[in-house]
Amino acid sequence: MSTLKTRYTLTQSQKMMIFVLSMSLYGLSNMFTELIPSVQLGPVELSVEYFAFIPLTLCMLFHPLYAAVGAAVGEVIFGELMLGQFGGLGELEKFITFSLAMYIAGRMVSDPKNRRQVGIAAISGVAIHQFCSSVIDIVKVWVGVEELEAVKGLAESIVIIEGVGFLNDVLFSGILFALLPTMYLVPRLYGKIEPLLGMKPRERNMQYASGGGNRLSPKLLGGGIVLALVALGAELLSESGWSIGEFELPGAESHEASLIWVSMLAAALIAALAIVFTLRRASRRRQEAGQLDG
């Protein structure tokens, strides 16, 4: 069987491990970003949007679907539900755009050792997410479901405001907390972390079990556009008053600082348990393989 026809397959337990690991690690990182203050430079606010290198690294080393969806679920659980609040239908927009961007970034990498390829995919993932979010915010103002919040020092144009925000998030958070860490981690971890978790490294030009190889395809791009439109529709409905599933527990806002630490502890505990479980499982498999060879 040629390399081009080799499929990158995972067992159900391995898929679940990737999902849980991505969910807990990214959820934990989200709580750290809540504690980092922002810096105001005139009309521009510099803030840490997210530590995108965590899901990006997992998407490039393992299967991008389970890592991307796991990270998005982690944001909902640890960044919303455990803080006593949930945006309901409005959360669907963030869930879709973020998981879609991380998934596409992971699919763009066919050789995890290629730093240039990893870097382009990392900054592209952040840019796709921020672009989708900016376009949705612009459409909400144009449609009239949301009022324009003018930024002091900037012209009262939603395009200019969102454009500045887009550049800020991509050039600041995107470079410092996505591009540089991902370019460092992925080539260094490739081939080393997978055996510890009981997996084989994803070889170059391997196809995923779902087909389509590692490159972007018209089918993937078309599906991405459809999902982006679904995210836009959900956000428009949410801003129009269809706040389905939205809630906030009494006292959640006044106890937010305490809830953040509780959420961080829960995410760290789940991540530690997932790592310990997978390491023990991998060690048991190696021992069984050694006994069979003996």
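Refer to the structure printed above.
All values reported here derive from a predicted model rather than from experimental measurement. (Residues numbered from 1 in each chain as written. Predicted model: local features only at pLDDT ≥ 70, side-chain atom pairs only at ≥ 80, totals over all residues. Heavy atoms only, no water.)

Draft legend 1. Focus on helix H2 (residues 53–61). Burial runs high along H2: nine of the nine residues are buried. Along H2, the residues classified as buried are Phe53, Ile54, Pro55, Leu56, Thr57, Leu58, Cys59, Met60 and Leu61. (Buried < 20%, exposed > 50% of the residue type's maximum accessible area, 1.4 Å probe, protein only. Helix = DSSP H or I, 4+ residues; strand = E, 2+ residues; numbered from the N terminus.)

Draft legend 2. Looking closely at a positive patch on the surface. Side chains of Lys113, Arg115, Arg188 and Lys192 sit close together on the surface and give a patch of like positive charge. Along the polypeptide, Arg115 turns up in helix H5 (residues 115–143). (Patch = residues over 30% accessible without salt bridge, like charges linked within 9 Å, V, L, I, M, F, W, Y side chains within 5 Å. Areas by Shrake-Rupley, 256 points an atom, 1.4 Å probe, with all protein chains shown as cover. Salt bridge = Lys/Arg side-chain N within 4 Å of Asp/Glu carboxyl O. Lys, Arg positive; Asp, Glu negative; His and termini not counted. Charge placed at Lys NZ, Arg CZ, Asp CG, Glu CD.)

Draft legend 3. Local environment of empty space enclosed by the protein. Under the criterion given, the structure shown has two cavities of 30 Å³ or more. Taken as a whole, the largest cavity spans an internal volume of roughly 90 Å³. The wall of the largest cavity is formed by Ser13, Gln14, Met17, Leu197, Gly198, Phe277, Thr278, Arg281, Ala282 and Arg285. For the lining of the largest cavity, the elements supplying multiple residues, two or more each, are helix H1 (12–35) and helix H9 (256–293). With five residues, H9 is the largest single contributor of residues to the lining of the largest cavity. Of the residues assigned to the lining of the largest cavity, the class counts are four nonpolar, four polar and two charged. Here the second largest cavity defines a volume of roughly 40 Å³. Along its surface, the second largest cavity is lined by Ala72, Glu75, Val76, Glu80, Glu91, Lys94 and Phe95. Breaking the lining of the second largest cavity down by element, the ones donating at least two residues are helix H3 (64–79) and helix H4 (91–107). (1 Å grid on protein atoms, 1.4 Å probe; cavity = no way out; pocket = protein on both sides within 12 Å on 5 of 7 lines; lining within 4 Å. Points joined across faces, edges and corners; volume = space filled by probe spheres on them. Nonpolar A, V, L, I, M, F, W, Y, C, P; charged D, E, K, R; others polar.)

Draft legend 4. Examining H4 more closely. With 17 residues, H4 should cover 24 Å at 1.5 Å per step; its first-to-last C-alpha distance of 24 Å lies within 8% of that length. Among the 17 residues that make up H4, 14 are buried, leaving the element largely enclosed by the rest of the structure. (Expected span 1.5 Å × (residues − 1).)

Draft legend 5. The arrangement of the packing of aromatic side chains in detail. Considering all chains together, one arrives at five aromatic pairs under this definition. With a centroid separation of 6.0 Å and an interplanar angle of 55°, the aromatic rings of Phe51 and Phe53 are classed as tilted. Each member of the pair, Phe51 as well as Phe53, is classed as buried. Here the aromatic residues Phe51, Phe53, Phe172 and Phe177 are joined through ring pairs into a cluster of three or more. (Phe/Tyr/Trp six-rings, centres within 6.5 Å; stacked < 30°, edge-to-face > 60°.)

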